[in-house]
Amino acid sequence: MKLELRNLVKTFADGTRGLDGASLSIETPSFVALSGQNGSGKSLLIRHALGLEEADSGEVLVDGRPLHSRLAEARRRIALVFQEPEHQILGVTVREDVEFGPRAAGERPESYAPRVEAALEAAGLAGYGPRLCAGLSGGEKRRLAVASALVSEPELIVLDEPFNGLDWAGASDLLAVVLRLRASGVGVLVVTHDLEKCLAHADRLVVMDAGRIVRDDAPAALWEELPSLGLRRPAGGYERLAEMSWLTEGA
Ligand SMILES: Nc1ncnc2c1ncn2[C@@H]1O[C@H](COP(=O)(O)OP(=O)(O)OP(=O)(O)O)[C@@H](O)[C@H]1O
Ligand SMILES: [Mg+2]
């Protein structure tokens, strides 16, 4: 699928210009990292991409058609994992949480059960079905949010700051999930400040500043510029980052 955000402008009632002519195009499958300083508009941009927020001007197109003309279909094809995984948990047990979407849509258990199992497996939560959501670790909650997002078999999954608050093992497990998805043909858009955790694997790095996309290129091409864009550059050169994939380093 092709998701296009064209020249989005969003000004809030208090005068804050959240988006100031942001344009971004993503074709799946691909792994895109979106970064930028706090308040640069990353979360807002992805809220527009899912139709959760409407721009003052500009357009959002899915395969060339306006998002709003087929919102329900677009929301099945594009899944969002919010910045705070707690906000997304709707079930008491892990399985109930993953089933929530299809059940709310009136689907029958025979129809959704195989997708629930597949989503748990893909998120590294096989066998977790009966566990209580409240008892999961931070990393497991993130992966539960991913499983719940995967149950609709989306073509693009958007993760907002997925590595926040995760330790090395938690982040490593999550990155492994993301890389498996990418390998299976799903598009992945990761919004993150933790570039060392995903840059070696991303096809593109997109950088936002003050509501605009200011860079969109291969990570290696932007490497030298990262500090001047206000982004922390992982230690060592890009070659080292690519060679010593963060996922396996220290494993
Ligand atoms: N409902 C709102 N009302 C007023 N301003 C808003 C609202 N939502 C977002 N903004 C503003 O829009 C700008 C972009 O916010 P956004 O949450 O997209 O930033 P971000 O890049 O995701 O930041 P962070 O890295 O801290 O998550 C900020 O200046 C923010 O204060
Ligand atoms: Mg944000």
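J.: Hey, could you run me through empty space enclosed by the protein in this one?
T.: Picture a little ball the size of a water molecule; that probe, rolled over the atoms, points out where space is still empty. Scanning all chains against the criterion turns up one cavity of 30 Å³ or more. By volume, the largest cavity amounts to about 40 Å³. Forming the walls of the largest cavity are Leu3, Leu5, Leu24, Ile26, Leu45, Ile46, Ala49, Leu156, Val158 and Leu189. When contributions to the lining of the largest cavity are tallied by element, the ones reaching two or more residues are β1 (2-11), β2 (17-27), α1 (42-49) and β7 (156-160). The biggest single contributor to the lining of the largest cavity is α1, with three residues. Of the residues assigned to the lining of the largest cavity, the class counts are 10 nonpolar, no polar and no charged.

J.: How should I be thinking about the sheet that holds strand β8 (residues 187-191) in this particular structure?
T.: Each strand in a sheet pairs with another by means of backbone hydrogen bonds, the pair being arranged parallel or else antiparallel. If you trace the six strands from one edge of the open sheet to the other, you get β6-β7-β8-β3-β9-β10, paired in mixed fashion. The sheet is open, and its two borders are formed by β6 (78-81) and β10 (212-217), each paired with just one other strand. Between one strand axis and the next, the sheet turns through 20° on average, direction left out of account. Note that strand β3 (residues 31-36) and strand β9 (residues 204-209) share five bridges and pair parallel. Within β9, the residue paired with leucine 34 across the bridge is valine 206. Strands β3, β6, β7, β8, β9 and β10 of the sheet are contacted by α1, whose axis makes an angle of about 135° with β3.

J.: Sorry if this is basic, but what is going on with helix α5 (residues 138-150) here?
T.: An α-helical turn contains 3.6 residues, so a residue and the one three or four places further along point in the same direction. With 13 residues, α5 extends 19 Å from end C-alpha to end C-alpha; this agrees with the ideal 18 Å at 1.5 Å per step. Taken across its 13 residues, α5 has 11 buried, putting it largely inside the fold. Gly139, Glu140, Lys141, Arg142, Arg143, Leu144, Ala145, Val146, Ala147, Ala149 and Leu150 are the residues of α5 that are buried. Looking at the buried positions of α5, the neighbouring elements they touch are β6, α3 (94-104), α4 (109-122), β7 and α6 (168-183).

Conventions and cut-offs
- Residues numbered from 1 in each chain as written.
- Chains lettered and ligands numbered in written order.
- Predicted model: local features only at pLDDT ≥ 70, side-chain atom pairs only at ≥ 80, totals over all residues.
- Heavy atoms only, no water.
- 1 Å grid on protein atoms, 1.4 Å probe; cavity = no way out; pocket = protein on both sides within 12 Å on 5 of 7 lines; lining within 4 Å.
- Points joined across faces, edges and corners; volume = space filled by probe spheres on them.
- Helix = DSSP H or I, 4+ residues; strand = E, 2+ residues; numbered from the N terminus.
- Nonpolar A, V, L, I, M, F, W, Y, C, P; charged D, E, K, R; others polar.
- Pairing = 2+ DSSP bridges.
- Axes fitted to C-alpha atoms, helices over the stretch in contact; angles between N-to-C directions.
- Contact = heavy atoms within 4.5 Å.
- Expected span 1.5 Å × (residues − 1).
- Buried < 20%, exposed > 50% of the residue type's maximum accessible area, 1.4 Å probe, protein only.

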